[in-house]
Amino acid sequence: EVEIPEDHPRYQSLLTRHRIEEGVEKGITSKQGLIAEGRGESFDYLLGEETLPSADEAERAAAARLLLAEQAVLSVNGNVAALVPGEIVELAEVTRADIEVNLFNRTDERMQAIADHLRDHGAEDVKGLTADARIAGLEHERGKVDEDGIYSADVVLVPLEDGDRAEALAEMGKTELVIDLNPLSRSPRTAAIPIIDNIIRAIPNMTSHARDLAGASSEELEAIVAEFDRETALSEAENVIRDI
Ligand code: PTJ
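Please read these numbers as outputs of a predicted model, since none were measured by experiment.

Rules of the game
Residues numbered from 1 in each chain as written. Predicted model: local features only at pLDDT ≥ 70, side-chain atom pairs only at ≥ 80, totals over all residues. Near = placed C-beta within 6 Å. Helix = DSSP H or I, 4+ residues; strand = E, 2+ residues; numbered from the N terminus. Nonpolar A, V, L, I, M, F, W, Y, C, P; charged D, E, K, R; others polar. Buried ≥ 20, exposed ≤ 12 C-beta atoms within 10 Å, placed from the backbone. UniProt positions renumbered as here; feature names shortened; annotations may be inferred. Contact = placed C-beta atoms within 7 Å. Axes fitted to C-alpha atoms, helices over the stretch in contact; angles between N-to-C directions. Parallel < 35°, antiparallel > 145°, perpendicular 65-115°, else oblique. Left-handed = near helix turned anticlockwise from the far one by under 90°. Pairing = 2+ DSSP bridges. Right-handed = clockwise from strand over helix to strand, strands pointing away.

Focus: the site of the ligand
Among the 25 residues in the neighbourhood of the ligand, the closest are listed as Ala36, Gly40, Asn77, Gly78 and Phe104. Mapped by element, the contributors of at least two residues to the shell around the ligand are helix H2 (31-46), helix H4 (78-83) and helix H9 (199-212). With 7 residues, H2 is the largest single contributor of residues to the shell around the ligand. Residue classes in the shell around the ligand are distributed as 10 nonpolar, 11 polar and 4 charged.

Some points on unusual backbone geometry
Positive phi, normally seen in glycine, also occurs at glutamate 49, with a value near 50°. Overall, the presence of 13 C-beta atoms within 10 Å leaves glutamate 49 in the partly exposed class. The phi dihedral of arginine 96 is positive, around 55°, even though this residue is not glycine. On the basis of neighbour counts, which here come to 12 C-beta atoms within 10 Å, the residue arginine 96 falls in the exposed class.

Considering the UniProt feature "binding site: ATP" (unreviewed entry) in the protein chain
In the UniProt entry, the feature "binding site: ATP" (unreviewed entry) is given for Arg17, Arg39, Asp180, Leu181, Asn182, Arg186, Ser187, Asn198 and Ile199. Of the residues just listed, which span 183 residues, the most distant C-alpha pair is 24.1 Å apart, and they do not cluster in one region. Note that arginine 17 resides in helix H1 (residues 11-25). Look at arginine 17 and you get partly exposed, because 17 C-beta atoms sit within 10 Å. With 21 C-beta atoms counted inside 10 Å, the residue isoleucine 199 sits in the buried group. Beyond its immediate stretch of four places on either side in the chain, isoleucine 199 contacts Val80, Leu83, Val84, Pro159, Leu160 and Ile179.

Considering the packing of helix H3 (residues 53-68) against H9
Think of two packed helices as two axes; the pair is described by the angle between the axes and how far apart they sit. Look at H3 against H9: their axes get within 8 Å of each other, and the N-to-C directions meet at 60°. When the interaxial angle is binned, H3 and H9 end up oblique. Helix-helix and strand crossings are classified by hand; for H3 and H9 the assignment is right-handed. Between H3, through Asp56, Glu59, Arg60, Ala62, Ala63, Leu66 and Leu67, and H9, the contact on the second element is made entirely by Ala202, Asn205, Met206, His209 and Ala210. Grouping the amino acids of the contact of H3 with H9 by side-chain chemistry returns 7 nonpolar, 2 polar and 3 charged.

Structural notes on the sheet that holds strand E8 (residues 193-195)
On the basis of which strands lie adjacent, the open sheet formed by 6 strands has the order E3-E2-E1-E6-E7-E8 and parallel pairing. Either end of the sheet is taken by a strand with one partner, and the two such strands are strand E3 (126-127) and E8. Strand direction decides the pairing type here: strand E1 (residues 72-76) and strand E2 (residues 98-101), joined by 4 bridges, are parallel. In the sheet register, valine 76 faces E2, and the bridge partner there is valine 101.

Points about the pairing of strand E7 (residues 175-179)
When a strand is regular, its side chains alternate between the sheet's two faces. Buried residues dominate E7, accounting for 5 of its 5 residues. Every second residue of E7 is oriented toward a common face, with Thr175, Leu177 and Ile179 on one face and Glu176 and Val178 on the other, all of them buried. Note: strand E6 (residues 155-159) against E7, 5 bridges, orientation parallel. From the neighbouring strand, leucine 157 faces E7, where its bridge partner is leucine 177. A crossover connection joins E6 to the parallel E7 through helix H7 (residues 163-171); in handedness this β-α-β unit is right-handed. With 3 bridges connecting them, E7 and E8 associate as parallel partners. Within the sheet, the bridge partner assigned to isoleucine 179 lies in E8 and is isoleucine 195.

Pasting the structure below:
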């Protein structure tokens, strides 16, 4: 375990990088995950490495949408599992959502390693291993999902997703909540709620909003979702980058 001094100006970024490296070593994160991390970091740098007010609003709306869901699923890939395993488990508990492992580069070894890693962080039921349903329009391996998980869910949180899958899920009529630092990427652009923030900050903030909203009525939650404007969220993040 590498020690990173907390007062280091790039503490968060170094910690994130280290977690991804460890993820690759443990067989959780794919090599492509390293590239995805680099891409994410560059956008985080341009966004000031903090949660924009518009991202905070998106996180609150996403928390409200998860609480309103009939069946919500939090989708986990190799990067998500390396970066925020315990935080995902906590969000699932607070919003009563299911967790499903869903990989772009699916292998049985990595599916198993990620499910074990999530269980080590307190997950009780991890979906994704049954793979008894398919997302229409995707290549065989990439379309595999659980029938009682993503396939039948009404709301799906898909962090760091590739554009094809985000589009295919949207076409199935799912309400998609996407976390992605790149506001120009296709996946946040197809999302009902695009969250332009680092997953490291986004997940704990969603959990904290979900806790605050635990006593809210359906009407109140619906109003929060209705007030959220996806176009504004996307353009505010883009403007921050362009105005640098
Ligand atoms: O584990 P697997 O096999 O499912 O593969 C996962 C990756 C991420 C490798 C795969 O989905 C992929 O190739 O994704 P992309 O196309 O590189 O897209 C990843 C997106 O996530 C990019 O737009 C990045 O900017 C963004 N991103 C990367 N790190 C973070 C992030 N967004 C939020 N927080 C991050 N920490």
